Amino acid sequence: MEARLLGKAYLGLMVMAVVIAVMAGCGLGQRAGLSHGRDVFKTCEPCHGTDGAGNLALRAPAIAGLPDWYVAAELGKFQKNIRGAHPDDEEGARMRPMARTLYRPGDLQAVSAYVASLPHVKVPPVLSGDRVAGEKHYTAICVACHGPDGKGNQAMNAPPLPQQADWYMVAQLEKFKTGMRGASALDMEGSQMKAMSATLMDTTAMRDVVAYIKSLPN
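If you're wondering where the values come from, they're calculated on a predicted model, not measured in any experiment.

About the cut-offs
Residues numbered from 1 in each chain as written. Predicted model: local features only at pLDDT ≥ 70, side-chain atom pairs only at ≥ 80, totals over all residues. Heavy atoms only, no water. Axes fitted to C-alpha atoms, helices over the stretch in contact; angles between N-to-C directions. Helix = DSSP H or I, 4+ residues; strand = E, 2+ residues; numbered from the N terminus. Parallel < 35°, antiparallel > 145°, perpendicular 65-115°, else oblique. Contact = heavy atoms within 4.5 Å. Nonpolar A, V, L, I, M, F, W, Y, C, P; charged D, E, K, R; others polar. Buried < 20%, exposed > 50% of the residue type's maximum accessible area, 1.4 Å probe, protein only. Left-handed = near helix turned anticlockwise from the far one by under 90°. Expected span 1.5 Å × (residues − 1). Polar contact = N/O pair within 3.5 Å; in protein donor to acceptor, adjacent residues only side chain to side chain. Salt bridge = Lys/Arg side-chain N within 4 Å of Asp/Glu carboxyl O.

Undergrad: What exactly am I supposed to notice about the packing of helix 3 (residues 68-79) against helix 4 (residues 90-99) here?
TA: Where helix 3 contacts helix 4, the two axes come as close as 8 Å, and the packing angle between them is 95°. In this view, helix 3 runs roughly perpendicular relative to helix 4, as classed from their interaxial angle. Across the interface between the two elements, Leu75, Phe78 and Gln79 of helix 3 pack against Gly92, Met95, Arg96 and Ala99 of helix 4. Among the residues making up the contact of helix 3 with helix 4, the classes are represented as four nonpolar, two polar and one charged.

This is how it looks when you write it as structure tokens:
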């Protein structure tokens, strides 16, 4: 009887030891992935900055804290010419070769995880707009995917918005509206955004909706 109880106790300790080892291995793997992502991110720093806050002069958006699933998806689009292939998209033309440097297994996932781990950086607005008019536009065309708080929705592949620079959001709406972005049949989210941006009459309407987005808590 005692031998049987001792055997069960030993088996229980062995199972616990295996579970602890697996959990520790996962933690080490995660830290190793972030370390690799930090190394890969060095190629992004000249434009996006060491803190991922972006750079208006270089037309580089803020990326710190963006969800890894969104970063990975957009980098994949740049790699496959789904995004940035339009001849007038200068910023996209710069991103395509950068995205293609992520050719080693795990590069894309590691840098996406590292970007997601960076603390959000408050990017002050530089454009003016009518928030009241913008709220009406937002409720009509944006809330279904990005949510009432603008924090995005992974199921809809919609990124969070309030943390982003206003000049960048206006620039992207203009790109969607003109077909510079979202024209590829393989870009499902882009085609949806292209249709939504078409409902904004002009740059004034774009600035209004972005002004409202920037008023949301970050």
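Picking up after the structure, the text goes on.
Undergrad: What exactly am I supposed to notice about the side chain of Arg181 here?
TA: Among the structural elements, Arg181 can be located in the loop between helix 8 (166-178) and helix 9 (188-197). The class for Arg181 is buried, based on a relative accessible area of 9%. Arg181 has contacts with Tyr70, Glu74, Arg83, Tyr168, Gln172, Lys175, Phe176 and Lys194, leaving out every residue within four places of it along the chain.

Undergrad: Got a minute to help me understand the packing of helix 8 against helix 10 (residues 203-215) in this structure?
TA: Each packed pair of helices is defined by two parameters, the angle between the axes and the distance between the axes. Two numbers describe how helix 8 lies on helix 10: the axes approach to 9 Å, and their chain directions differ by 140°. The angle between the axes of helix 8 and helix 10 places the two elements in the oblique class. Once helix 8 is placed against helix 10, the crossing between them reads as right-handed. Listed contacts from helix 10 to Asp166, Met169, Val170, Leu173, Glu174 and Lys177 of helix 8 are Thr203, Met206, Arg207, Val209, Val210, Ile213 and Lys214. For the contact of helix 8 with helix 10, the class distribution of residues is seven nonpolar, one polar and five charged.

Undergrad: Would you take a moment to explain helix 10 for this structure?
TA: Given 3.6 residues per turn, any residue in an α-helix points the same way as the ones three and four places further on. For helix 10, spanning 13 residues, the distance from its first C-alpha to its last is 18 Å, which sits close to the expected 18 Å at 1.5 Å a residue. Here helix 10 has its buried residues at Ala205, Met206, Asp208, Val209, Val210, Ala211, Tyr212, Ile213 and Lys214. Its buried side turned inward, helix 10 meets helix 6 (131-141) and helix 8. For helix 10, the capping residue at the N-terminal end is Asp202, with a side-chain oxygen 3.2 Å from the backbone nitrogen of Thr204.

Undergrad: Honestly, unusual backbone geometry in this entry has me stumped. Any pointers?
TA: Peptide bonds are mostly trans, and most non-glycine residues show a negative phi. The phi dihedral of Arg59 is positive, around 60°, even though this residue is not glycine. Along the polypeptide, Arg59 turns up in the loop between helix 2 (45-48) and helix 3. The backbone phi angle of Asn157 is positive, close to 55°, even though this residue is not glycine. As for its placement among the helices and strands, Asn157 is situated in the loop between helix 7 (143-146) and helix 8. Relative accessible area serves as the criterion here: at 35%, Asn157 is assigned to the partly exposed category.

Undergrad: Just to check I follow, could you spell out the pattern of salt bridges for this structure?
TA: When their charged atoms lie close together, side chains carrying opposite charge are able to pair. Here the structure, examined in full by the defined rule, presents nine salt bridges. Close ionic contact of Lys77 with Glu74 constitutes a salt bridge, the shortest N to O distance being 3.5 Å. Of this pair, Lys77 and Glu74 both sit in helix 3, three residues apart, which is roughly one turn of the helix. Exposure remark for Lys77: the relative accessible area of 10% places this residue in the buried category. Look at Glu74 and you get buried, because its relative accessible area is 9%. A salt bridge links Lys175 to Glu91, with the shortest nitrogen-to-oxygen separation between them at 2.8 Å. Residue Lys175 is found in helix 8, and its partner Glu91 is found in helix 4; the two are separated by 84 residues along the sequence. On the basis of relative accessibility, which here comes to 23%, the residue Glu91 falls in the partly exposed class. Through salt bridges with shared partners, one network takes in Glu74, Lys77, Arg83, Arg181, Asp187 and Glu189.

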